Amino acid sequence: KTQMTAEDKIASVHIDFDKDNILPELDKNSLKIMGAEKSKPVLLKKSTIDRNFQEHSDLTKEDFQSIIAQALYEPSEVFPANAEKPYWHFAKLIKETSKGHSKIGLALLDIDVNKESFEVAHAHFVGAKGLARAKNKVIKKD
């Protein structure tokens, strides 16, 4: 089968906010950066959606979907989020937010090898300082 382009994947993300969602698989480059041995479907659980909106009440559904789609499928940066857990940040500048100005969308992905899917753990907007903080949070292991 033909490989979906980043644009195809972004366009195919239609989140149903009332149930678990299976999203397209990540691109090879992101998998390589994360050191993932094989690709898996990306799962977005309803419980994660609900928790995310409690913690980030400023996000509209459109913004949330935008962050998930653009950060996961056309990230400008992919970097580890946690030294202890297999969590990775996907960052992307989102130009069309509901508020009309650009913000950095940050999606957090759990790539635990024991799970059947990669799981979206979180998504929100950060500024440049927030992005720098996220990058500095991980203490690099020797």
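Since the structure is predicted, the reported quantities are computational estimates derived from the model, not experimental observations.

### Comments concerning the packing of aromatic side chains
The description of an aromatic ring pair rests on the distance of the ring centres and on the angle between the ring planes.
Argument step 1. Under the criterion given, the structure shown has three aromatic pairs.
Argument step 2. Between Phe53 and Phe64 the ring centres are 5.2 Å apart and the planes differ by 45°, which places this aromatic pair in the tilted class. In this pair, Phe53 sits in helix α3 (residues 46–55) while Phe64 sits in helix α4 (residues 61–73), placing the two residues eleven residues apart along the sequence.
Argument step 3. Taking relative accessible area as the criterion, Phe53 reaches 21% and is therefore assigned partly exposed.
Argument step 4. Three or more aromatic residues joined by ring pairs form one cluster here, namely Phe17, Phe53 and Phe64.

### A look at the side chain of Lys92
Argument step 1. Relative to the assigned elements, Lys92 resides in strand β4 (residues 87–94).
Argument step 2. Judged by relative accessible area, Lys92 falls into the buried class, the value being 17%.
Argument step 3. A polar side-chain atom of Lys92 sits 3.3 Å from the main-chain carbonyl oxygen of Glu74.
Argument step 4. For Lys92, the contacting residues outside a window of four places in its chain are Gln70, Ala71, Glu74, Pro75, Ser76, Lys103, Ile104 and Gly105.

### As for the nonpolar core
Argument step 1. Of all hydrophobic cores here, the largest spans 30 residues; its most connected members are Leu26, Val42, Phe64, Leu72, Phe90 and Leu109.
Argument step 2. Listing elements by their share of this core, those giving two or more residues are α2 (28–34), β2 (42–44), α4, β4, β5 (103–110) and β6 (118–126).
Argument step 3. Ignoring sequence-local partners within four residues, the contact set of Phe64 consists of Ile15, Phe17, Leu44, Ile49, Asn52, Phe53, Leu59 and Ala123.
Argument step 4. Of all hydrophobic cores here, the second largest spans seven residues; its members include Ile104, Leu106, Val126 and Ala134.

### Topic: the sheet that holds β4
Argument step 1. The strand order across the open sheet built from six strands is β1-β2-β6-β5-β4-β3, with neighbouring strands paired in mixed fashion. Each edge of the open sheet is held by one strand with a lone partner, namely β1 (21–23) and β3 (77–80). Between one strand axis and the next, the sheet turns through 35° on average, direction left out of account.
Argument step 2. Summarising the sheet, β3 and β4 pair through four bridges and their orientation is antiparallel. In the sheet register, Val78 faces β4, and the bridge partner there is Phe90.
Argument step 3. Packing of helix α5 (residues 128–137) onto the sheet brings it into contact with β3, β4, β5 and β6, and relative to β3 it is tilted by some 40°.

### Section: the confidence of the model for the protein
Argument step 1. Of the residues in the protein, 96% reach a pLDDT of 70 or more, and the chain-wide mean stands at 93.
Argument step 2. Here α5 is the element of the protein with the lowest mean pLDDT, 91, and β2 is the one with the highest, 98.

### Comments concerning the pairing of β6
Argument step 1. β6 sits mainly inside the fold: nine of its nine residues count as buried.
Argument step 2. Relative to β6, β2 runs parallel, the two sharing two bridges. When the sheet's bridge partners are listed, Leu43 is paired in β6 with Glu119.
Argument step 3. When β5 meets β6, the two strands line up antiparallel, connected through seven bridges.

Thresholds, definitions, all that
- Residues numbered from 1 in each chain as written.
- Predicted model: local features only at pLDDT ≥ 70, side-chain atom pairs only at ≥ 80, totals over all residues.
- Heavy atoms only, no water.
- Phe/Tyr/Trp six-rings, centres within 6.5 Å; stacked < 30°, edge-to-face > 60°.
- Helix = DSSP H or I, 4+ residues; strand = E, 2+ residues; numbered from the N terminus.
- Buried < 20%, exposed > 50% of the residue type's maximum accessible area, 1.4 Å probe, protein only.
- Polar contact = N/O pair within 3.5 Å; in protein donor to acceptor, adjacent residues only side chain to side chain.
- Contact = heavy atoms within 4.5 Å.
- Core = buried A, V, L, I, M, F, W, Y, C linked by side-chain atoms within 4.5 Å.
- Pairing = 2+ DSSP bridges.
- Axes fitted to C-alpha atoms, helices over the stretch in contact; angles between N-to-C directions.
- pLDDT = per-residue confidence, 0-100.

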